[in-house]
Amino acid sequence: MNETTRIVIVGAGHAGGSAVALLRQYGWKGTITLIGDEPVPPYQRPPLSKAWLKGEASAESLALRPAKFYADNDVEMRLATTVAAIDRAGRTVTLADGEVLAYDHLILATGARARKLSIPGIDLAGVLELRSAADADKLKAALLPGTRVAIVGGGYIGLEAAASARALGAEVTIIEREARLLARVASTSLSAFFDAFHQEQGVAIELNADVAALEGEGGHVSAVRLADGRAIPCDVALIGVGAIANAELASAAGIDCAGGIRVDLSARTSDASIFAIGDCTHRPLHHYGREHRLESVPNALEQAKQVASALTGRKLPAHEVPWFWSDQYNLKLQIAGLSFDTAETVLRGDPSSNSFAVFHLAADGCLRSVEAVNAASEFMAGKMLIASRKPLARERLADMSVSMKDLL
Ligand SMILES: Cc1cc2nc3c(=O)[nH]c(=O)nc-3n(C[C@H](O)[C@H](O)[C@H](O)COP(=O)(O)OP(=O)(O)OC[C@H]3O[C@@H](n4cnc5c(N)ncnc54)[C@H](O)[C@@H]3O)c2cc1C
């Protein structure tokens, strides 16, 4: 590497913004160009459905780094700029306006986008999604006391938005196609807990409910029509039905993709001079012996470390256990690991106390994942136990008189 070696990063989100900082921290002397299609420097998305939506965090606090950080660290920022194509043979990217930029190493950090529903009425005013700060601005403006919000999708974003909307005095109905909330991402016990908790907070929940159409009056949404014919009246409809990797740029350039851009544990794609990090990737999971796409800040940070290490010749970072969090009302949910190949679950603590953990064990007794609600030590110790692959006695795990420290 010398001072003229060029890194171009496509996507100025959490992963791209973190990669910039780590590259400089690890001693990258070459040029760095960070290109992002949003008009603002990298920011944190998690507060958009939580503290920021409730008005408890300022817009400035969302920024990943102070604006001057980029100039101070000699990073060329190209905001409100879309990369339209990659020429792998020529090692260039073409911007939407036709400008061509050369790279020696390219990092794709294009993230994911909200999945769209193709149903009648989806383009009505008042039908919103929540991925960007601009989306959050629109949602926040609509959430007034008494506003009727229909949230289509009972995943984490839907549930967090529901909790924030209730805090703002809105009337909330969650409409979920599956038989339980968080069906794709959580155990049945956790789903049942969150279902009951949201209902206690005044949220109406419709399960097994397929949305057939959005109906409007004067061009503005007025109801969600379900497949069984019922209508849920609303002033705002928030569609939160998952996210899709922005992998088209890579796949159009012939880079190996599988529901995300395939990378190895140094975040390298099938093209040795192109890396990919964050929500856009389909990545190996060291602790699980398989590949998967993760959507989380810890994943974006881990892969930013991987690429910065690979490009600066540092030893690759240790393999992390994937983890996630979600804040709803006064509940802090922390999840470590993934529930692949599990044989049994063990409950520790009492869900009625709003502090408990569900451990998921493989057939050999090794811990695969833990879902911890207001249970920080179960989460922390669980993360270490997953990495240690040490078989656990279920009775001791369930026994609150045995400390998590002792289990370690
Ligand atoms: C509302 C919300 C709440 C969340 N809460 C949590 C949470 O509690 N905990 C957690 O761990 N994670 C949470 N997440 C997920 C977390 O924010 C993401 O995992 C993280 O932002 C991923 O970072 P990224 O850089 O890969 O993608 P992004 O942050 O999405 O950044 C990608 C950027 O690339 C841009 N881009 C795409 N294509 C191009 C192109 N061709 N040219 C230029 N720019 C392009 C995109 O517009 C975007 O700005 C939440 C996400 C949302 C939306």
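Our subject in this report is the structure included herewith. The structure displayed is predicted, hence computed values, not measured ones.

**Remarks on the site of the ligand**
(1) Moving on: Surrounding the ligand, one finds 37 residues, the nearest of these being Gly-11, Gly-13, Ala-15, Gly-111 and Gly-278.
(2) Moving on: Contributing elements (two or more residues each) for the shell around the ligand: α1 (14–25), α8 (297–312) and β22 (323–328).
(3) Moving on: Across the shell around the ligand, the residue classes break down as 18 nonpolar, 13 polar and six charged.
(4) Moving on: Counting only domains with at least three residues in the shell around the ligand, you end up with domain 1 (6–113 + 244–312) and domain 2 (127–241).

**Describing the pairing of strand β11 (residues 171–175)**
(1) Moving on: Across the five residues that make up β11, a large majority, four, are buried.
(2) Moving on: Inspection of the sheet shows strand β10 (residues 148–152) paired to β11 by five bridges, in the parallel sense. Residue Val-152 lies in a different strand from β11, and its bridge partner there is Ile-175.
(3) Moving on: On the question of chirality, the crossover connecting β10 to the parallel β11 by way of helix α5 (residues 156–167) is right-handed.
(4) Moving on: Note that β11 and strand β12 (residues 204–206) share three bridges and pair parallel. Residue Thr-173 lies in a different strand from β12, and its bridge partner there is Ala-204.

**Quick look at the nonpolar core**
(1) Moving on: Core analysis: the largest hydrophobic core is formed by 65 residues, its most contacted members being Val-149, Ile-151, Val-152, Ala-162, Val-224, Ala-237 and Leu-238.
(2) Moving on: Among the elements that line this core, the one with the most residues is α5, at seven residues.
(3) Moving on: Membership of the second largest hydrophobic core comes to 44 residues, among which are Trp-28, Val-83, Ile-86 and Leu-311.

**Notes on the packing of α1 against α8**
(1) Moving on: At a minimum axis separation of 8 Å, α1 and α8 run at an interaxial angle of 40°. Put simply, α1 runs oblique to α8. Here α1 and α8 pass one another in a crossing that is right-handed. For the pair α1 and α8, contact is made by His-14, Ala-15, Ser-18, Ala-19, Leu-22 and Leu-23 and by Val-297, Ala-300, Leu-301, Gln-303, Ala-304, Lys-305, Val-307, Ala-308, Leu-311 and Thr-312, respectively.
(2) Moving on: Class assignment for the residues of the contact of α1 with α8 results in eleven nonpolar, four polar and one charged.

**Observations regarding the environment of Thr-81**
(1) Moving on: Along the chain, the position of Thr-81 falls in the loop between β3 (75–78) and β4 (83–87).
(2) Moving on: Since 20 C-beta atoms lie within 10 Å of it, Thr-81 is described here as buried.
(3) Moving on: Counting along the chain gives 70 residues from Thr-81 to Gly-11, while the straight-line C-alpha distance between them is 9.4 Å.
(4) Moving on: Once you skip the residues sitting within four places of it in the chain, Thr-81 turns out to touch Ile-35, Gly-36, Asp-37 and Leu-95.

**Comments concerning unusual backbone geometry**
For residues other than glycine, phi is negative in most cases, and the peptide bonds are mostly trans.
(1) Moving on: Its identity as a non-glycine residue notwithstanding, Arg-91 has a phi of 50°, on the positive side.
(2) Moving on: Relative to the elements of secondary structure, Arg-91 occurs in the loop between β4 and β5 (92–95).
(3) Moving on: Backbone geometry at Ala-267 places phi at a positive 70°, although glycine is not the residue there.
(4) Moving on: By secondary structure assignment, the location of Ala-267 is in the loop between β18 (261–262) and β19 (274–276).
(5) Moving on: When the 30 C-beta atoms within 10 Å are taken as the criterion, Ala-267 is described as buried.

**Regarding α1**
Note on helix geometry: an α-helix contains 3.6 residues per turn, so any two residues three or four positions apart are oriented the same way.
(1) Moving on: Taking 1.5 Å per residue, twelve residues should reach 16 Å; α1 reaches 16 Å between its end C-alpha atoms and fits that length.
(2) Moving on: If you check which residues of α1 are buried, you get His-14, Ala-15, Gly-16, Gly-17, Ser-18, Ala-19, Val-20, Leu-22 and Leu-23.
(3) Moving on: Lining the buried residues of α1 we find β1 (6–10), β2 (31–35), β3, β7 (105–108) and α8.
(4) Moving on: Note on α1: the residue one or two positions beyond its end, Gly-27, has a positive phi of about 100°.

**Here we look at the pairing of β5**
(1) Moving on: Bridging between β4 and β5 involves four bridges; their strand directions are antiparallel. The partner of Asp-87 across the bridge, within β5, is Thr-92.
(2) Moving on: Linking β4 to β5, which pair antiparallel, is a turn of four residues; within it Arg-91 sits at a positive phi near 50°.
(3) Moving on: The pairing of β5 with strand β6 (residues 100–102) spans three bridges and is antiparallel. Of the residues in β6, the one forming a bridge with Thr-94 is Val-100.

So, how was this worked out
- Residues numbered from 1 in each chain as written.
- Predicted model: local features only at pLDDT ≥ 70, side-chain atom pairs only at ≥ 80, totals over all residues.
- Near = placed C-beta within 6 Å.
- Helix = DSSP H or I, 4+ residues; strand = E, 2+ residues; numbered from the N terminus.
- Nonpolar A, V, L, I, M, F, W, Y, C, P; charged D, E, K, R; others polar.
- Domains from an automatic or database assignment.
- Buried ≥ 20, exposed ≤ 12 C-beta atoms within 10 Å, placed from the backbone.
- Pairing = 2+ DSSP bridges.
- Right-handed = clockwise from strand over helix to strand, strands pointing away.
- Core = buried A, V, L, I, M, F, W, Y, C linked by C-beta atoms within 7 Å.
- Axes fitted to C-alpha atoms, helices over the stretch in contact; angles between N-to-C directions.
- Parallel < 35°, antiparallel > 145°, perpendicular 65-115°, else oblique.
- Left-handed = near helix turned anticlockwise from the far one by under 90°.
- Contact = placed C-beta atoms within 7 Å.
- Expected span 1.5 Å × (residues − 1).

In short, shape yes, function no, at least from these values alone.
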